[in-house]
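# Residue-level structural notes
This is what each chain is made of:
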Amino acid sequence: MGIGELDREAHVAEATSAGAAPRTLAEALRARGDEGLAALLRARPDLLSPVPNDLTQLATRAGTRGSVVRALERLDRFALQTAEALAVAPDPAPYPVLLALLTGDEGDPEIEAALPGAVALLREQALAWGEDDRLRLVRTARELLSPSPQHPSPTGLGPTVAEATAGMSPGRVQEIIATAGLPPTHDPVSAVAALTELFTDRARMGALLDEASPEALSVLDRLVWGPPYGEVTPNPAPPVQWLRDRGLLLPVSARTMVLPREVALHLRGGRAHRVPEPVAPSIEVLRDYRPQVVDSTAAGQAYATLATVEELLKSWDQGGPQVLRAGGMSVRDLKRTAAALDVTEQLAAFWLELCFGAGLLASDGEADERYAPTPAYDDWLDLPAAERWARLVAPWLVATRTAGLVGGADAKGRTLAALGPDLDRAPAPEVRHRVLELLATLPPGAAADPGTLFARMRWERPLRGAAQAAPPRAPQTASGGPDDSTDPAPDASLDLRSRLARWTLAEAELLGLTGRGALSGPARALLNLPLAEAATPSDHGGRVELSVAAGRAATLLAPLLPEAVDHVLLQADLTAVAPGPLRRPLADALAVLADVESKGGATVYRFTPGSVRRALDSGRSASDLHDFLTAHSRTPVPQPLAYLIDDVARKHGHLRIGAASAYVRCDDDTVLGEILADRRSAALGLRRLAPTVLAAQTDPASLLDGLRAMGYAPAAESAEGDVLVTRADAYRTPARTAPVPVPDGPPAPDTTLLGAAVKAIRAGDRAATAVRKEPAAPATTGGLPRTSAAETLATVQAAALTGSAVWIGYVNAEGAASQRVIAPVRVEGGFVTGYDHTADEVRTYPLHRITGVAELADDQV
């Protein structure tokens, strides 16, 4: 930009500040206050990466295709409908014209009340600009939303008469206006204008349509709400021919006709949309519960969540399934996990992803890679129950990994595996937050009707949840008759945002964030919402850190969870009943000594010879087991259980198995004789080496399992002949970090960053639009002042003496050029130090990096 252009830009800024209508988006932004710029940057944070140098650069960036698409995706339905109406309106469009496109001829008080807010939102987000008498849509947004054969408009409108006749011969245009009853004109432009005037005149247009046959009107009815394109045969039917002769249908190609926009608007009564939606759908209450019932139900689900996670990861204590080469679990392993948890495969995938997202589960990274619990799981087990729950739900709330996708296919048709790649969906955290916040708008204890909740979600983000548009359909068949297939087929699949909302409702119920469909008190604390009354869902100000909110939620949940007990009830049928959740040491010890038979509010454990042997293998003696049961049972130890422990202990270790390949030794040679005589031992390849020793052709572990299957209770021994104690040590992965969520665009800027960014943009804009004195010699191209080293030194020294500001061009060490307005205060040692108006701070610049200097105009000093 040359100096003359900078002068013109400065004069434009002066005119804008004086109240003249802005002529560009940059001028409109320049007329805003700091709060208006901050609102724009807050709504569109992608404009801050990096911070624009000035308002012209900000306006340019706001008009790029990627940024505009992102901004349009975040509009609600009525704001988007307003933008769509602007895209089919004249450019620029007066406010009454826009209002008429949305309300139609009959008017609509709700639309009239909501339209100012929608227009203000479009202006705030720099998608529209201009005063009410000259509203303009940003060029990129108009290109995206305007009708075209390749991308039909969401309004269903087609091109204008002028656009549809752009390639038509002048003679054909004259034939159309003559058939329509209009006088001939001297040029095609006036002919098109006359035809447009006819189609926009309600009285004359009504008289023309009164001459049409019912069949012709039927063809128009099929096209009026879109798509406006249709195919015709080389010899169209008389109704279609009548419409084409009068310009009510205009040719796009040899076989395609289009309904002009002006004709469609007349048939629609002036309305651009069939169903304008100025008001957000309300969320209806499905059923009311007492808040105490909701909280207690949610607490029960939270406790079930903890039990399920513990059961899952405990079953993988010695290592879980292998990791697929492409990542994730195999379908077979997922089915096994689902069977072990007694849930569906989809639900098993959710529990796996929940543990993975919380950092409790990961791959071990070995050559034969397997999944296993992480060291963080052991730390998690030591926490109180409510804090363990908070450690699960807080990562879920912000996770982008989506368990509901497991079992589906990616873009290449490959099945998506649990714990595998390609499960991240960036909108997931925003959808989860929004669903829970909408539930919070209902009174405490009220369960929302899912249908109305999903309708509200679709209204708030229609572009992100829009189905694919139906392809254009023909108004008639090849034979010239009407085609009954013009109505678009219903979309059979749900969009991602709707599926995320459905999954959120189901997962929130599983996790105990909701109870019977209503939001619980702990969930309100997790969202940092008031507990006694509903919060405004769009108010995100003053949010605390998620970890702090999770701590508050845990504090509210703790009194609702069942208290851990330190005792069991032993029964004569070799079972023990835990009347509640057991404390950690008791639960771990009992899990070794007995097998879980049934789960629920009261867990039932069963003692078997195998479970008792497992406890003995862990290093405990029979007397240790008797003392343990006596200390932790509220009922006497039943005699059958005491006999079982003593009987297994008496046999335990009578046989000793070590490594030769493997051997069995026993002081009682008759026992070894019984083993050799048993047909079931044939597979072990046993032979007697000595009266008290048998050799085997299998490894010690297989020999140990084989003899236990035959009813014996052998013990493994070391090379020194000592009994090996197999403690319940768990296999853990190395320290692993939880997966990082994939961001959905740039993060929202905080107040400090917004203030600094606005300040920098304003300063840069002042420097870019400041009026300079014309130099004696013409400036070179490139936009920066060019002066010799002597001239530069003399000018900055004079400015330092007089205390005036100058305009400099500067190239930094990376070669990036910029222009700045500085007030020099000291010039020495090859450096100039002064107050930089662009950066709003005192800086020092090397003189050799200053490309040139120019004085500011007198009225700018």
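Residue numbers run consecutively from 1 along every chain, following the written order of its sequence. Whole-chain, interface and lining totals are the exception, using all residues; otherwise, since this is a predicted model, local features are given only for residues with pLDDT of at least 70 and side-chain atom pairs are given and counted only at 80 or more. Heavy atoms from the whole structure form the basis of all side-chain values; hydrogens and water molecules are not counted.

For the rest of this paragraph, the subject is the overall build of the protein chain. On a plain count of helices and strands, the protein chain comes out with 34 helices and 25 strands. Relative accessible area decides the class of each residue, using a 1.4 Å probe on protein chains only: under 20% of the type maximum gives buried, over 50% gives exposed, and in between gives partly exposed. For the protein chain, buried positions account for 48% of its 861 residues. In this analysis, two residues are considered to be in contact whenever any of their non-hydrogen atoms come within 4.5 Å of each other. Looking at the protein chain alone, contacts between residues at least 24 apart form 66% of all its contacts between residues at least 6 apart. The Shrake-Rupley method, run with a 1.4 Å probe sphere, supplies the accessible areas, and residue values consider only the shown protein chains as cover. When the accessible surface of the protein chain is totalled, it reaches about 40,500 Å², and 54% of it is carbon and sulfur. Secondary structure is summarised from DSSP: a helix means a run of H or I of at least four residues, a strand means a run of E of at least two, and numbering begins at the N terminus for each.

Glancing now at the pattern of salt bridges. Any carboxyl oxygen of Asp or Glu within 4 Å of a side-chain nitrogen of Lys or Arg constitutes a salt bridge here. A full pass over the atoms with the stated rule returns 28 salt bridges. A salt bridge links Arg-142 to Asp-91; its shortest N-O distance comes to 3.9 Å. Here Asp-91 lies in the loop between α6 (77-88) and α7 (95-103) and Arg-142 lies in helix α9 (residues 139-145), a separation of 51 residues in the sequence. Across the salt bridge formed by Asp-678 and Arg-680, the nearest N and O atoms sit 2.9 Å from each other. Sharing partners across several salt bridges, the network here consists of Arg-434, Glu-437, Arg-456 and Glu-460.

Turning next to the sheet that holds strand β25 (residues 850-855). A pair of strands is labelled paired if DSSP reports no fewer than 2 bridges between them. Pairing in this open sheet of 5 strands is antiparallel, and the strands run β24-β23-β22-β21-β25 from one edge to the other. Pairing within the sheet leaves two strands with one partner each, and these edge strands are β24 (841-846) and β25. Sheet twist, expressed as the average angle between the axes of neighbouring strands with direction ignored, equals 45 degrees. Relative to β25, strand β21 (residues 806-811) runs antiparallel, the two being bridged by 5 bridges. In the strand pairing of β25, Val-806 is matched with Glu-855. Only the stretch in contact is used when a helix axis is fitted, and all axes are lines through C-alpha atoms; the angle between N-to-C directions ranges over 0 to 180 degrees.

Think of an α-helix as 3.6 residues a turn; residues three or four steps apart then line up on the same face. Three or more residues of helix α28 (residues 609-617) are buried, namely Ser-611, Val-612, Arg-613, Ala-615, Leu-616 and Asp-617. In this structure, the buried residues of α28 make contact with α27 (584-593), β14 (595-598), β15 (603-606), α29 (622-632), α30 (639-651) and α32 (700-709). Positive phi appears at Gly-619, one or two residues downstream of α28, with a value of about 110 degrees.

For the rest of this paragraph, the subject is the nonpolar core. Remark: nonpolar core denotes a set of buried residues (Ala, Val, Leu, Ile, Met, Phe, Trp, Tyr, Cys) joined through side-chain atoms within 4.5 Å. By size, the foremost hydrophobic cluster in this structure holds 89 residues, and its most contacted members are Leu-41, Leu-58, Leu-195, Phe-199 and Leu-248. Setting aside residues up to four positions removed in sequence, Leu-248 forms contacts with Phe-199, Met-205, Leu-208, Leu-209, Leu-220, Trp-242, Leu-243, Val-258, Leu-259, Pro-260 and Val-263. By size, the runner-up hydrophobic cluster in this structure holds 73 residues, among which are Trp-316, Ala-349, Leu-352 and Cys-355.

Another point: the environment of Lys-599. In this fold, Lys-599 is placed in the loop between β14 and β15. With 295 residues separating them along the chain, Lys-599 and Ala-304 place their C-alpha atoms 10.0 Å apart.

What follows concerns the packing of helix α17 (residues 291-314) against helix α24 (residues 496-511). Contact pair α17 / α24: the axes reach a minimum separation of 6 Å and the direction vectors enclose 85 degrees. Relative to α24, the element α17 lies roughly perpendicular. Contacts between α17 and α24 involve Gln-301, Ala-302 and Thr-305 on the former and, on the latter, Glu-509, Leu-510 and Leu-511. Per-class residue counts for the contact of α17 with α24 are 3 nonpolar, 2 polar and 1 charged. These descriptions rest on fixed angle ranges, namely under 35 degrees for roughly parallel, over 145 for roughly antiparallel, 65 to 115 for roughly perpendicular, and the rest for oblique. Note on residue categories: nonpolar means Ala, Val, Leu, Ile, Met, Phe, Trp, Tyr, Cys or Pro, charged means Asp, Glu, Lys or Arg, and polar means any other residue, Gly included.

Quick look at the packing of aromatic side chains now. Geometry of aromatic contacts follows a simple scheme: Phe, Tyr and Trp rings, the Trp one being its six-membered ring, pair when their centres are within 6.5 Å, and the pair is stacked under 30 degrees between planes, edge-to-face over 60, tilted otherwise. Under the definition given, this model contains 3 aromatic pairs. Summarising the aromatic geometry, the rings of Phe-350 and Trp-351 are spaced 5.1 Å apart at their centres and angled 55 degrees between planes, so their arrangement reads as tilted. Judged by its relative accessible area of 4%, Trp-351 falls in the buried class. Ring geometry for Tyr-377 and Trp-380: centres 6.0 Å apart, planes at 25 degrees, overall stacked. Placement of both Tyr-377 and Trp-380 in helix α20 (residues 375-381) is noted, with a separation of 3 residues, approximately one turn of the helix. Each member of the pair, Tyr-377 as well as Trp-380, is classed as buried.

All right, on to α17 then. The end-to-end C-alpha distance of α17, which contains 24 residues, comes to 34 Å, matching closely the 34 Å that a straight helix rising 1.5 Å per residue would cover. Within α17, the full set of buried residues consists of Val-293, Val-294, Ala-298, Ala-299, Ala-302, Thr-305, Leu-306, Thr-308, Val-309, Glu-310, Leu-312 and Leu-313. In this analysis, the expected span of each helix is defined as 1.5 Å times one less than the number of residues it contains.

This brings us to unusual backbone geometry. Omega for the peptide link from Ser-49 to Pro-50 comes to -10 degrees, which places this bond in the cis form. One can find Pro-50 in the loop between α3 (34-43) and α4 (55-62). The step from Asp-91 to Pro-92 runs through a cis peptide bond, and the omega angle for that step is 0 degrees. Its location among the elements puts Pro-92 in the loop between α6 and α7.

All right, on to the sheet that holds strand β13 (residues 575-578) then. Taken together, the 4 strands give an open sheet; going across it, the order is β12-β13-β15-β14, and neighbouring strands pair in antiparallel fashion. Only two strands of the sheet have a single neighbouring strand rather than two, namely β12 (569-571) and β14. When strand polarity is set aside, the average angle formed by the axes of neighbouring strands in this sheet is 30 degrees. Inspection of the sheet shows β14 paired to β15 by 3 bridges, in the antiparallel sense. Across the sheet, the residue bridging to Val-596 is Tyr-605, located in β15.

Within the secondary structure, Gln-81 sits in helix α6. Polar contacts involving the side chain of Gln-81 include one to the main-chain carbonyl oxygen of Val-275, which spans 3.3 Å. Throughout this description, a polar contact denotes any pair of N or O atoms lying within 3.5 Å of each other; where both atoms belong to protein, one of them has to be capable of donating a hydrogen while the other can accept it, and for residues adjacent in sequence the pair is counted only when both atoms sit in side chains. A polar contact is formed between the side chain of Gln-81 and the backbone nitrogen of Glu-277, at a distance of 3.0 Å. Ignoring sequence-local partners within four residues, the contact set of Gln-81 consists of Leu-102, His-273, Val-275, Pro-276 and Glu-277.

Let us now look at the packing of helix α18 (residues 331-341) against helix α19 (residues 345-357). Direction vectors running N to C along α18 and α19 enclose 95 degrees, while the axes themselves pass 9 Å from each other. With respect to their mutual orientation, α18 and α19 come out roughly perpendicular. Contacts between α18 and α19 involve Leu-334, Lys-335, Thr-337, Ala-338 and Leu-341 on the former and, on the latter, Glu-345, Ala-348, Ala-349, Trp-351 and Leu-352. Split by residue class, the contact of α18 with α19 holds 7 nonpolar, 1 polar and 2 charged.

A word on the confidence of the model for the protein chain. Looking at the protein chain, pLDDT values average 84 and 88% of them are 70 or higher. For residues 1-18, every residue scores under 50 in pLDDT, and the model assigns this stretch 31 contacts once sequence neighbours within four places are set aside. Scored from 0 to 100, pLDDT records how confident the predictor is in each individual residue. Across residues 532-543 the pLDDT falls below 50, and counting only partners more than four positions away or on other chains, this stretch makes 19 contacts in the model.

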